[in-house]
Amino acid sequence: MTVSSLAPARQDRRAPAKVVSSYNEWDPLEEVIVGRLSGGVFPTWQESMRATMPPSSWRLFQERGGQPFPQDLVDAADEELDGLARTLAAEGVKVVRPEPADHGAELATPHWVTSGGLYSAMPRDHLIVVGETIIESPMSWRCRQFDGDPFRPLLKSYFNQDARWLQAPRPQLTEELFRTGEHDGWAITEFEPVFDAADFMRFGRDLVVQRSHVTNAFGIRWVQRALGSAFRVRTIEVNDPHAMHIDATLLPLAPGKLLVNQERYVPTDLFRGWEIRQAPRPALPRDWPMYFCSPWVSMNMLSLDERTVVVERQEEPMMELLTDWGFRCVPVDFRHVYTFGGSFHCVTVDVRRRGSIGQYLAPGR
């Protein structure tokens, strides 16, 4: 693993946390994982991707699975990821990163073969920190089954410093998990527990999750049982037929302040008493290359504390909204990272935030 040399993290009156300790999305950030894109390859096609990926990418993934992404785009995105790491360091955050990895090797189990893996760029998809526990997800894309390997040195280091480390049951990913042919509803069945960590959002004692084409009810039940009674996992409905990852649908920026996607958010009593604002429409040009997602990745931001948010430099309408709402914006160039399916929230995992568990959502089931 590589570690940036940094100034001390920002201070506040609360007691220092353990090496892994993060209960929400907004307490002062002290340590964070930032991903790498180098060594990434096009995903090997599986039919469940049809439900979430832009149609313009279907043939590309079918024909080029396991082959490297265009090097010029990778270099531009990695330069932005390095820039994010430097910016976070300048803000007093300890930055750790995975070792470089080649994801182009063929993957095989007794049940299936893929032409390659994917990348180490989006650790939020694979890892979630809940309190003093870090969980590895059982992801439903076959090409992502070894995404977590480059992060293993970090996880072992955290474990050796008394963190709790859980890996969800390794999924078989046989055909029984996937719906075939024309169908309504999710692309995955309840054959076994699967989830992407990015379908969960943390609000202290409560985790909010969406069902999606990569996260099933079985997976959500596993998370609740693994965490125990100290936490509540609460499922919400969203208006997104292509649902995959909740952090472009809603994003808490501070206690009582929730940013939502005007096209996807379905009001819920969970956020009773919260101030809710709609994210402005993305500023991304229509012809910008996007392999994996929609331009709504513009709202996929990272809070450094209750008043400070990292924002893509060219998302001026977003910065105007946040400034009016009382936030300080930290602009960072990130559009080339957009191309590969994420932004600041996706490419990071907040390992440690200075704070405690807290109760922020309305009571209820």
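Keep in mind that what you see is a predicted model, and the values were worked out from it rather than measured.

Caption draft 1: Broad picture of the pattern of salt bridges. Tallied over the full model, the rule gives 26 salt bridges. Asp 240 is the partner of Arg 264 in a salt bridge, and the nearest nitrogen-oxygen pair spans 3.8 Å. Of this pair, Arg 264 sits in the loop between strand 13 (257–260) and strand 14 (275–278) while Asp 240 is found in the loop between strand 11 (232–236) and strand 12 (250–254), placing the two residues 24 residues apart along the sequence. The class of Arg 264 is buried, set by a relative accessible area of 14%. Note on Asp 240: relative accessible area 10%, which makes it buried. Of the charged contacts, one joins Arg 281 and Glu 263 as a salt bridge, the two residues approaching to 2.9 Å between their closest N and O atoms. Linking Arg 281 in the loop between strand 14 and strand 15 (302–305) with Glu 263 in the loop between strand 13 and strand 14, this pair joins segments that are 18 residues apart in sequence. Assessed through its relative accessible area of 49%, Arg 281 is described here as partly exposed.

Caption draft 2: Up close: helix 5 (residues 217–227). Buried within helix 5 we find Gly 219, Ile 220, Val 223, Ala 226 and Leu 227. Viewed end-on, helix 5 has its buried residues packed into an arc of 130°, placing them on one side of the element. Buried residues in helix 5 make contact with strand 6 (127–130), strand 7 (133–136), strand 8 (164–167), strand 9 (200–203), strand 10 (206–210) and strand 11. Immediately downstream of helix 5, the backbone of Gly 228 shows phi near 80°, a positive value.

Caption draft 3: Structural context of the nonpolar core. Counting residues in each nonpolar core, the largest one holds 40 residues, and the members touching the most others are Phe 69 and Leu 88. Residue assignment for this core shows that the elements contributing at least two residues are strand 2 (29–34), helix 2 (71–90), strand 15 and strand 17 (328–332). Here this core takes seven residues from helix 2, the largest share from any one element. Among residues more than four places away in sequence, those in contact with Phe 69 are Leu 37, Gly 40, Val 41, Phe 42, Val 74, Leu 118, Tyr 119, Tyr 291, Phe 292 and Phe 340. Within the second largest apolar cluster, 34 residues are counted, among which are Val 208, Leu 258, Met 299 and Met 318.

Caption draft 4: Here's a closer look at the sheet that holds strand 10. One open sheet holds the three strands; their spatial order is 9-10-11, and the pairing between them is mixed. The open sheet terminates on both sides in strands that have one partner only, identified here as strand 9 and strand 11. Averaged over all adjacent pairs, the angle separating strand axes in this sheet is 25°, with direction ignored. Pairing of strand 9 with strand 10 involves four bridges; the strand directions are antiparallel. Its bridge partner lying in strand 10, Arg 202 is registered against Leu 207. Taken strand by strand, helix 5 contacts strand 9, strand 10 and strand 11, and its axis lies near 160° from that of strand 11.

Caption draft 5: Summary view of empty space enclosed by the protein. Inspection of every chain in the model, using the stated rule, returns three cavities of 30 Å³ or more. Taken as a whole, the largest cavity spans an internal volume of roughly 50 Å³. Lining the largest cavity are Glu 25, Arg 124, Leu 127, Ile 128, Val 129, Ala 197, Phe 200, Met 201, Arg 202 and His 345. Of all the secondary structure elements, the ones that give two or more residues to the lining of the largest cavity are strand 6 and strand 9. In terms of residue class, the lining of the largest cavity is built from six nonpolar, one polar and three charged.

Reading the values: rules and limits
Sequence order as written defines the numbering, with residues in each chain counted from 1. Under the rules for a predicted model, residues below a pLDDT of 70 receive no local features and side-chain atom pairs below 80 are neither given nor counted, while totals for whole chains, interfaces and linings still include all residues. By convention in this description, side-chain values take in all heavy atoms of the structure and omit both hydrogens and water. For this analysis, a salt bridge means a side-chain nitrogen from Lys or Arg found within 4 Å of a carboxyl oxygen belonging to Asp or Glu. The helix count covers DSSP runs of H or I at least four residues long, the strand count covers runs of E at least two residues long, and both are numbered beginning at the N terminus. Three labels apply to residues, based on accessible area from a 1.4 Å probe with only protein chains included: buried if under 20% of the type maximum, exposed if over 50%, partly exposed otherwise in between. The reported arc concerns the directions from the helix axis to the C-beta atoms and nothing else. Throughout, a residue-residue contact means that at least one pair of heavy atoms, one from each residue, lies within 4.5 Å. Only buried residues count toward a nonpolar core, which is a set of Ala, Val, Leu, Ile, Met, Phe, Trp, Tyr and Cys residues joined through side-chain atoms within 4.5 Å. In this scheme, strands are said to pair when DSSP sees at least two bridges between them. Axis definition: a line fitted to C-alpha atoms, limited for helices to the stretch in contact. Angles are taken between N-to-C directions and run from 0 to 180 degrees. Using a 1 Å grid laid over the protein atoms alone, points where a 1.4 Å probe fits but cannot get out form a cavity; open sets with protein on both sides within 12 Å along at least 5 of 7 lines form a pocket; any residue with an atom within 4 Å of a point counts as lining. Grid points are joined across faces, edges and corners, and a volume is the space filled by probe spheres set on the points. Each residue is assigned to one class: nonpolar for Ala, Val, Leu, Ile, Met, Phe, Trp, Tyr, Cys and Pro, charged for Asp, Glu, Lys and Arg, and polar for all the others, Gly among them.

Don't take any of this as a statement about function, it's just geometry.
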